[in-house]
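Structural description and commentary
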Amino acid sequence: MLRNFMGTIKQRLNWSTVKASKHWWSSLTGFFVLNLILVWLKTYLNYFFNFSLGASGPIQLFLLALNPIPTAIILLGIGLYFRGRLAYFLVWLFNLIQTIWLFANMLYYREFSDFLSFGILGSGSSTGNNLGKSIAAIIRPTDFLVYVDVIILAVFLLFKLWPIDKKKILKRYAFLTTCLGVALMLVDFGIASVDRSGLLTRSFDNNYIVKYLGLNEYAAFNAFQTKKQSDSRKEATASDLKTVQNFINQNNIPANASYYGSQKGKNVFVIHLESFQQFLIDYKVDGQEVTPNLNAFYHDQNTLSFDNFYNQVGQGKTSDAEMMQENSLYGLATGSAMTKYGTANTFESMPGILGQQGYTSAAFHGDVSTFWNRNNTYKSFGYNYFFSKNYYPNADKANYSVGYGLKDKIFLKDTAQYIEQLPQPFYAKLITVTNHYPYTLDKENATFPATQTGDSTVDGYVQTAHYLDQAFGELMAYLKKTGLYDNSTFILYGDHYGISENHQPAIAKLLGKDSVDNYDLANFQKVPFMIHGTGLQGGINHTYGGEIDMMPTLLHLLGVSTDGMTIFGHDLLSQQNPQTVVFRNGDWVTPTYTKYRNDYYDTQTGQKLSMKSNPALKATAARVQAYADKSLSYSDKVITGDLLRFDKSRLNSYTVNKSSYDYQKASALKQLKQNQKSNPTSLLAKNNGQSTVNEYETDAPELK
Ligand code: GP9
Ligand code: MN
C-alpha cells in the first residue's frame, strides 16, 4: 500500500520523468548543498532554543552562525568522493550522525547545562549523571523535529523519489570542497582566538568551545583530549605513586602541637577572594582604606595572617587555586587540571576527607556550574552540594550580575538561605567573582574613588575590591548575629593576581615607585591568606608559603593528620616549614633568595644577585630548583596518571562515590529539607525552623 502511495506521489510530482542531469538541485551537488543548509539550520536554531552559549557582540554572533558550516562541509563532503546511490547515502548518513550528536547534546544540556563529553560517555554511571534514568523525564516531543529532514530524505532515497545522478563528481572538486571546509574552520578558529585567547589551551568551559568553534569541533577536541588523558592514565602504575610518595615522605615535617586540632569540629568557611592581591591590605586611595573590613579582619587578634604568601596558579587561574586549596596538588603547566582531569580522576580532597569527619560540604558560586568543569570536578572532590548560578533566583535579572556572575553582595546575601540549612559541622566554600578583570562596576555600586594611574584596566581594580570588601563585611555581620561566626573557622585567600604584568607602569604608580623590576613583580604575586577562629592565637606570620600549603595547614588545625597523604604543600604553622614557594613556571622564592624570570634577588633586600660571583646562591639555587622541578613534575604525574586511584590504603578508609552526588536544584533542595529532620543540626533546625535570612542586611542598591 505504501508503495502504491509513494507511486502516486511520484506520478503527481512527475519526478520520475525528470532528467536528473538537467536539474542542478537533483545532482549530487544539489543534494549535498541541501543537506548542508539543513544541518546548518537545525544546529543554528538549537544554539538559540536549547543551549545558552552566552554569545554577545557581533564577532561572537558571527562565529555562532559560521561555526556549524566547516565541519558540515567536511563531513557531508565525504559523500562527494563516491558515486551513485552510495554517494547520496553517505551525504545523508553524515547528516544523520551530526543530528544524533546534536540531539544527544540537546537532552544532556537541558539537564546538566553542559555538553556531552567522551569522558562522561565512557565512564557511564561512575560520574553520577544517571543519564539513562533522567532521559525520559526531560525529553520533549518537539526535540524529534531535528530528525524530520533526515526521515523525509530517507524515504525519498529509499523509494527512489529523489533522482540519483549517476555522474561522478570530479575528484578535484570533492577535494576542493574538503579544502573549503578546512579553510573555513581555520578562519573561524583565527577569529575565535583573537576574541578569546587560549581558548583550547586553557580550556575554560565547554560552552566556550561550542560558542566559538561549534558542536562538532567540540566533539573532535573532546575526543582528542580524552584519548590523551586515557593514554597517560594507562601508562601509569602503582609504582609511580610509590616514587611520588617517597619524595613526599622525604620532605614530610611534623605539625605544630600548639595549633594541632585547635579548631577541631568547627564549621569551616573558605572564602575565595577573587583576584585579590596582598598589596590591597591596608592600601589607601585619597586617604581612604580600600578594604576596611578585610583590614580589620587581617589585624584581628584571632586572625593568623600571612604576609609572605604567594599565589602559585598557572593558566587554570581560579581552578588552579582551587586544585591547590582542596588537594595540595599544583595545576598543570597548560590548561586547567579541573577541566581536563576533574571528571574522571580519583582525588583525596578536603570535602571528601572532612566528610569522613562528619562534615557536610558545599561550594557556592554565582557563575554557571560548567565553568572550569566544576559541575563534574566537585563530585570527584566529594562535595555534597554545589550551589551555582541557577540556585540564585536573582542571577537572571538584568544588572544583578557582572562579568562572570552574580554581584558579590547579592551572591552572599542569597547564599545565606542555603548556609542556614546545612547540617553542622559544615565545610562551605564561597567563591566571589565581582573583583574580576576587567573590574567594571555600575555607577551605583562603584562608590570608591578609582586610582589615577592612567591605565584604564587597572584603575577600576580598587573599586571592585572595595565592593568585595563591603560584601564580605555584610556577610560577617550576618554570621555574627546568627552565632555562626563564633563556631566557625575562616580561611580567606586571594586566588591570583588581579593586575597582570602587562601593566608595569601602572603597577609602579600603585606601589609609589618609578619603575618595577622582576623582584617587585615577584612580590606582586603575594595574595592574602588568613585563618580566623575564636580563641585562635592570631598575629602577622612572616612564614613564606603559598596556596599549595593551605590544605595541610587547615587539616592540622582541624586535627586531621596528613601522614600518608599525597600532598605537595606543608603546614605553614610547623616550625620546620621549608619555606620554599614554587611557582607554576618553575620560578621560586625562599626567605633568602628569589628567582623570577631568570633573575636572582636577595629576598630580604631586593638586591639583584649574580650567580657567577655568588657560590652560596649557586649551591642553594641548584638545590631549590631541583626541589621545585621535582615537586611540579611529580604533582603533574599524580594528575595526568590518575595516581591516587592506586592509593588503596587511604581509599579503604573513605571512598568518594561520584554517582551519589546530585547537583540538580530540585534534588538538592529536597535533600536539604530531609536533613532538617534526619540530622537537625543546621542553623535553621536549631532555630526551630525559623529562617535567619531576614537578619542579613545589605546595602546592595539592586535589592532596595
Ligand atoms: C569563573 C570564575 C573566574 O567561574 O571563577 O575564573 P578566573 O577567570 O579567575 O580563572
Ligand atoms: Mn580567579
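It should be emphasised that the depicted structure is a prediction, and the values quoted were computed from it without experimental measurement.

A short note on the sheet that holds strand E4 (residues 303–310)
Strand order in the open sheet formed by eight strands is E6-E5-E9-E1-E10-E11-E4-E12, with mixed pairing between adjacent strands. Looking at the sheet topology across the chains shown, the edges are occupied by strand E6 (385–387) and strand E12 (539–546). With strand direction ignored, the average angle separating the axes of adjacent strands in the sheet is 15 degrees. Where strand E1 (residues 267–273) lies against strand E9 (residues 426–431), five bridges are found, and the strand directions are parallel. Looking at E9, one finds that Val-268 is bridged to Tyr-427.

Digging into the packing of helix H3 (residues 57–66) against helix H9 (residues 171–195)
Helix-helix packing: each pair is described by the crossing angle between the helix axes and the interaxial distance. Following both chains from N to C, one finds H3 and H9 inclined at 155 degrees, their axes separated by 11 Å at the closest point. It follows that H3 is roughly antiparallel to H9 by the angle criterion. Along this stretch, H3 crosses H9, giving a crossing that reads as left-handed. For the pair formed by H3 and H9, the contact residues are Ile-59, Gln-60, Phe-62, Leu-63 and Leu-66 on the first element and Leu-184, Asp-188, Ile-191, Ala-192 and Asp-195 on the second.

Let's talk about the coordination of the manganese ion (ligand 2)
On the protein side, the manganese ion (ligand 2) has Glu-274 (OE), Glu-274 (OE), Thr-318 (OG1), Asp-495 (OD) and His-496 (NE2) as donor atoms, found 2.0 to 2.6 Å from it. Here the manganese ion (ligand 2) binds six donor atoms, and the angle range of 54 to 168 degrees at the metal identifies the geometry as irregular.

Re the domain arrangement of the chain
What the domain assignment reports for the chain is domain 1 (14–232) and domain 2 (238–676). Placing a centre on the C-alpha atoms of domain 1 and another on those of domain 2 gives a separation of 40 Å. In this assembly, domain 1 and domain 2 are joined by zero salt bridges. For the pair domain 1 and domain 2, the interface holds seven residue pairs in polar contact (both at pLDDT 80 or more). With three residues, the top contributor of residues to the side of domain 1 that touches domain 2 is helix H11 (residues 215–235). Residues that form the side of domain 1 that touches domain 2 fall into these classes: four nonpolar, 13 polar and five charged.

Describing the nonpolar core
Counting 133 residues, the largest nonpolar core has Tyr-378, Tyr-427, Phe-529 and Phe-568 as the members making the most contacts within it. Per-element accounting of this core gives the leading share, 14 residues, to helix H5 (residues 84–112). Structurally, this core is a two-domain feature, drawing no fewer than three residues from each of domain 1 (14–232) and domain 2 (238–676). Counting 70 residues, the second-largest nonpolar core is a separate cluster that includes Leu-468, Leu-475, Val-589 and Tyr-596.

A closer look at the UniProt feature "transmembrane region" (unreviewed entry) in the chain
UniProt's feature table lists "transmembrane region" (unreviewed entry) at residues 21–41, 61–82, 89–109, 144–162 and 174–194, given in the numbering used throughout. Here residues 89–109 is 100% helix and 0% strand, with 30 Å between the C-alpha atoms at its ends. Taken end to end, residues 174–194 comprises 100% helix and 0% strand; its first and last C-alpha atoms sit 31 Å apart.

With respect to the site of ligand 1
For ligand 1, the full set of nearby residues is Glu-274, Lys-317, Thr-318, His-365, Asp-367, Phe-371, Trp-372, Arg-374, Val-433, His-436 and His-496. Interatomic distance of 2.9 Å between a side-chain N/O atom of Glu-274 and an oxygen atom of ligand 1. About the coverage of ligand 1: the protein hides 97% of its 310 Å² of free accessible area. Looking at side-chain class alone, the shell around ligand 1 contains three nonpolar, four polar and four charged residues.

A word on the UniProt feature "domain: Sulfatase N-terminal" (unreviewed entry) in the chain
The UniProt feature table records "domain: Sulfatase N-terminal" (unreviewed entry) at residues 266–560. Its end C-alpha atoms 13 Å apart, residues 266–560 is made of 34% helix and 20% strand.

Points about the sheet that holds strand E17 (residues 608–609)
Reading across the sheet, the five strands line up as E13-E14-E15-E16-E17 and stay open at both edges, with antiparallel pairing between neighbours. Each edge of the sheet is formed by a strand with only one pairing partner; in this case those strands are strand E13 (581–582) and E17. Where strand E16 (residues 599–602) lies against E17, two bridges are found, and the strand directions are antiparallel. Across the sheet, the residue bridging to Tyr-600 is Leu-609, located in E17.

Section: the pattern of salt bridges
Under the criterion given, the structure shown has 17 salt bridges. Linking Lys-429 and Glu-322 is a salt bridge whose minimum nitrogen-to-oxygen distance equals 2.7 Å. Taken together, the residues span a long stretch of sequence, with Lys-429 in strand E9 and Glu-322 in helix H14 (residues 317–327) at a distance of 107 residues. Take Lys-429 and Glu-322: they sit in the same class, and that class is buried. A salt bridge links Asp-636 to Arg-584; its shortest N-O distance comes to 2.8 Å.

A word on the packing of aromatic side chains
Scanning all chains against the criterion turns up 50 aromatic pairs. Between the aromatic rings of Trp-101 and Phe-118, the centroid separation amounts to 5.8 Å while the plane-to-plane angle is 10 degrees, which identifies the pairing as stacked. Remark: Phe-118 occurs in helix H6 (residues 118–123) and Trp-101 occurs in helix H5; sequence separation between them is 17 residues. On the accessibility criterion, Trp-101 (14% relative accessible area) is buried. Where Phe-279 meets Phe-524, the ring centres are 5.2 Å apart and the plane angle is 20 degrees; that geometry is what we call stacked. In this pair, Phe-279 is assigned in the loop between E1 and strand E2 (284–285) and Phe-524 in the loop between helix H22 (518–523) and strand E11 (529–533), connecting sequence segments 245 residues apart. Per residue, the accessibility class of Phe-279 equals that of Phe-524, and both read buried. Cluster of aromatic residues (ring-pair linked, three or more members): Phe-347, Tyr-378, Phe-381, Tyr-383, Phe-386, Tyr-427 and Tyr-663. The residue whose ring lies beneath Arg-172 is Tyr-173, and the NZ or CZ to ring-centre distance is 5.7 Å. The side chain of Lys-480 reaches across the aromatic face of Tyr-485, ending 4.8 Å from its centre.

Thresholds, definitions, all that
Residues numbered from 1 in each chain as written. Chains lettered and ligands numbered in written order. Predicted model: local features only at pLDDT ≥ 70, side-chain atom pairs only at ≥ 80, totals over all residues. Heavy atoms only, no water. Pairing = 2+ DSSP bridges. Helix = DSSP H or I, 4+ residues; strand = E, 2+ residues; numbered from the N terminus. Axes fitted to C-alpha atoms, helices over the stretch in contact; angles between N-to-C directions. Parallel < 35°, antiparallel > 145°, perpendicular 65-115°, else oblique. Left-handed = near helix turned anticlockwise from the far one by under 90°. Contact = heavy atoms within 4.5 Å. Donors = N, O, S within 2.8 Å, 3.2 Å for Na, K, Ca; no water. Tetrahedral: all angles 85-135°; square planar, octahedral: opposite > 155°, others 65-115°. Domains from an automatic or database assignment. Salt bridge = Lys/Arg side-chain N within 4 Å of Asp/Glu carboxyl O. Polar contact = N/O pair within 3.5 Å; in protein donor to acceptor, adjacent residues only side chain to side chain. Nonpolar A, V, L, I, M, F, W, Y, C, P; charged D, E, K, R; others polar. Core = buried A, V, L, I, M, F, W, Y, C linked by side-chain atoms within 4.5 Å. Buried < 20%, exposed > 50% of the residue type's maximum accessible area, 1.4 Å probe, protein only. UniProt positions renumbered as here; feature names shortened; annotations may be inferred. Near = heavy atom within 4 Å. Areas by Shrake-Rupley, 256 points an atom, 1.4 Å probe, with all protein chains shown as cover. Phe/Tyr/Trp six-rings, centres within 6.5 Å; stacked < 30°, edge-to-face > 60°. Lys NZ or Arg CZ within 6 Å of the ring centre and 35° of its normal.

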